[in-house]
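Take a look at the letters that make up each chain.
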Amino acid sequence: MNIDSIKNGYVIDHIKEGKGMQIYEDLKLGELNCPVAIIKNAKSNKMQKKDIIKVDGNIQLNIDVLGYIDSDITINVVKDSKIIKKYHPELPEKITNIIKCKNPRCITSIEQELDQVFVLTDKEKRVYRCKYCESKAK
Amino acid sequence: MKHLIDIKDLSVEEIDELIEVAKDIIKNPDKYSKKCEGKILATLFFEPSTRTRLSFESAMLRLGGNVLGFSEANSSSTAKGESVSDTIRVVGEYSDIIVMRHPKEGAPVVAAEKSIVPIINAGDGGHNHPTQTLTDLLTIKCEKGRFDNLTIGLCGDLKFGRTVHSLISAMVRYPKVKFILISPEELKIPSYIKKEVLDKNKIEYIETQNIEEYMNKLDILYMTRVQKERFFNEADYIRLKDSYILDEEKIINSKKDLCIMHPLPRVNEISVKIDNNPKACYFKQAKYGKFIRMALILKLLEEC
């Protein structure tokens, strides 16, 4: 199967197999007008199987959230068909509207228009807590 | 300091400053009786809490200010489906400072984000109740004269009791504070408080089920209610309930200057026979609550 290399954009590599669609949803890639490819079950020496996402477009993506989903992911930023930056995402300080607070006593349970915001409270243990009720993200 | 949502919002210095103002109010009430003249405090109680609301209203009236508000959600526009943000925006136009109690956790955070006037959290569900903690701190300061070098017994429901959790978080910032955690197995302090607050701050503590075991060591005994609905079966509740009722016999070996505290309302966890004992400080604690709220209102309105 051939997926063309991209000119400008992102190659999100080393995604755990099966996680590609979740990332597609979380980054809201379905809303983009540019070409987006999800490759599932690609061969990988390191991981045996992996998912890859390619986004071909001169756009700015909010990819910080990937650090929360899986910090082993590799992000390649491509410009004029060359990789200009390659890195593993760090845990973001704040994630918005990616996970939902499960605490039934939280204000977000009755006021649906509020953003679901989680704040990093323990970097070592990767603990995020709801900005409002401080419940741990599950 | 613009709002007070969580006791952790306050530094040790800010707490000390509030306590000093409160102590000065106790000494010289007349000096403060017109400080808030022309100011309005709005009390938005989305769930009823007569004691806390009256304490705030009394505090503002003693400062020469005025109060308006509602005491339950049914008598507010919330009953029509209005959001917290909208209510706060509107009430902010009618008042200079807002006190709110809400059954949902985190509601005051939403309010503070939208409000043009200072917000005081007067309790959000089982989450935070910072003015109760400030009340407890002023009581300790006035009754014991210090925050350091104290052995504090916390008794009753240590699992769900938010006042106990906040008091621990506030007191671990002072040196040589020890805790005796007295509760039935079912209502022990949650492990995250032990790990994230006590162990992290290298605080000495002992867990026991026996209220009398360490009575002679305590400088402060903070009582809370053991509620029936917290138990999985009634037999356990019946077996344990009387062990945590404080009476004259249980404090027989206590220090002369023991200070017995309780956030109130009390049901039966402290015998009324203790009420006249000089060690009983829980009604004084309610009085201190008004003074610390006066200090807080002044501070947030930048009147002192």
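Predicted model, so just to flag it, every value in this text is computed and none were measured.

Definitions and cut-offs
- Every chain is numbered on its own, with residues counted from 1 as its sequence reads.
- To label them, take the chains in the order written and letter them from A, then take the ligands in the order written and number them from 1.
- In keeping with the predicted nature of the model, local features appear solely for residues at pLDDT of at least 70, side-chain atom pairs appear and are counted solely at 80 or more, and the whole-chain, interface and lining totals rest on all residues.
- To get the side-chain values, all heavy atoms of the structure are used, and hydrogens and water are removed first.
- DSSP bridges decide pairing: two strands pair if at least two such bridges lie between them.
- Working definition: helices are DSSP H or I runs of at least four residues, strands are E runs of at least two. Numbering for both runs from the N terminus.
- To define axes, lines are fitted to C-alpha atoms, for helices over the stretch in contact only, and angles between the resulting N-to-C directions are given on a 0 to 180 degree scale.
- The split into domains, and so the bounds of each, comes from an automatic or database assignment of domains.
- Buried area: the accessible area, evaluated with a 1.4 Å probe, that two parts lose upon being put together, summed over both parts.
- Salt bridges are identified by distance alone: a Lys or Arg side-chain nitrogen within 4 Å of an Asp or Glu carboxyl oxygen.
- Two N or O atoms count as a polar contact when they lie within 3.5 Å, although within protein this holds only if one can serve as hydrogen donor and the other as acceptor, and sequence-adjacent residues are included solely when both atoms are side-chain atoms.
- Any residue that is not Ala, Val, Leu, Ile, Met, Phe, Trp, Tyr, Cys, Pro, Asp, Glu, Lys or Arg is counted as polar, Gly included; the first ten are nonpolar and the last four charged.
- For cavity detection a 1 Å grid was placed over the protein atoms alone, and a set of points counts as a cavity when a 1.4 Å probe fits there but cannot get out; an open set counts as a pocket when protein lies on both sides within 12 Å along at least five of seven lines, with lining residues being those that have an atom within 4 Å of a point.
- Grid points are joined across faces, edges and corners, and a volume is the space filled by probe spheres set on the points.
- Consider the strands pointing away from the viewer: the crossover is right-handed when the path from the first strand over the helix to the second runs clockwise.
- The contact criterion used is simple: two residues touch if any of their non-hydrogen atoms lie within 4.5 Å.

Residue and element names in this part refer to chain A. Read across the sheet, five strands follow the order 2-3-1-4-5 without closing on themselves; strand pairing throughout is antiparallel. Edge positions in the sheet fall to strand 2 (36-44) and strand 5 (82-87), since each has one partner strand and no second. Neighbour-to-neighbour, the strand axes of the sheet open up by a mean angle of 20°, direction not taken into account. Note: strand 1 (residues 9-16) against strand 3 (residues 48-56), six bridges, orientation antiparallel. Counterpart to Val-11 in the pairing with strand 3 is Lys-54.

Residues and elements named next belong to chain B. Domain parsing of chain B yields domain 1 (7-128 + 288-300) and domain 2 (131-286). Each of domain 1 and domain 2 has a C-alpha centre, and the two are 26 Å apart. Both faces considered, domain 1 and domain 2 share a buried interface measuring about 2000 Å² in area, 64% of it formed by carbon and sulfur atoms. It is Ile-7, Arg-51 and Tyr-288 that lose the most area in domain 1 upon contact with domain 2, and together they represent 34% of the buried surface on that side. Across the contact surface, domain 1 and domain 2 share zero salt bridges. Across the contact surface, domain 1 and domain 2 share eight residue pairs in polar contact (both at pLDDT 80 or more). When contributions to the side of domain 1 that touches domain 2 are tallied by element, the ones reaching two or more residues are helix 1 (12-27), helix 3 (50-62), strand 4 (119-124) and helix 10 (282-300). With eight residues, helix 1 is the single largest residue contributor to the side of domain 1 that touches domain 2. Each residue belonging to the side of domain 1 that touches domain 2 can be placed in one class, and the counts come to 14 nonpolar, eight polar and seven charged.

What follows covers the layout of surface pockets. Space inside the largest pocket adds up to approximately 1500 Å³. Taken together, 41 residues make up the lining of the largest pocket; nearest its centre are A:Arg129, A:Cys133, A:Glu134, B:Tyr192 and B:Ile193. Listing elements by their share of the lining of the largest pocket, those giving two or more residues are strand 7 (117-122) and strand 8 (127-130) of chain A together with helix 7 (162-171) and helix 8 (191-199) of chain B. Looking at the lining of the largest pocket, the element that brings in the most residues is helix 7 of chain B, giving five residues. Looking at side-chain class alone, the lining of the largest pocket contains 13 nonpolar, 11 polar and 17 charged residues. What the second largest pocket holds in volume is close to 790 Å³.

Attention now goes to the pairing of strand 7 (residues 204-208) of chain B. Residue and element names in this part refer to chain B. Sheet topology note: the strand 6 (residues 177-182)/strand 7 ladder contains five bridges and is parallel. Counted as the bridge partner of Ile-182 is Thr-208 from strand 7. One crossover worth recording links strand 6 to the parallel strand 7 by way of helix 8, and it is right-handed.

Let's shift gears to the pairing of strand 3 of chain A. Residues and elements named next belong to chain A. Sheet analysis places strand 2 next to strand 3, joined by seven bridges and oriented antiparallel. Following the sheet pairing, Ile-38 is matched in strand 3 by Ile-53. Hairpin connection between strand 2 and strand 3: a loop of three residues separates the two successive antiparallel strands.

Moving on to the domain arrangement of chain A. Residue and element names in this part refer to chain A. As far as domains go, chain A holds domain 1 (9-87) and domain 2 (94-130). Placing the centre of domain 1 and that of domain 2 at their C-alpha centroids yields a distance of 24 Å. Counting residues at the interface gives five residues for domain 1, matched by five residues for domain 2. Across the domain 1/domain 2 interface, buried area totals approximately 530 Å², and carbon plus sulfur atoms make up 62% of it. The largest contributions to the domain 1 side of the interface with domain 2 come from Asp-26, Val-65 and Tyr-68, which together make up 78% of the buried area. For the pair domain 1 and domain 2, the interface holds zero salt bridges. For the interface between domain 1 and domain 2, the tally reads two residue pairs in polar contact (both at pLDDT 80 or more). When grouped by side-chain class, the residues that make up the side of domain 1 that touches domain 2 number two nonpolar, two polar and one charged.

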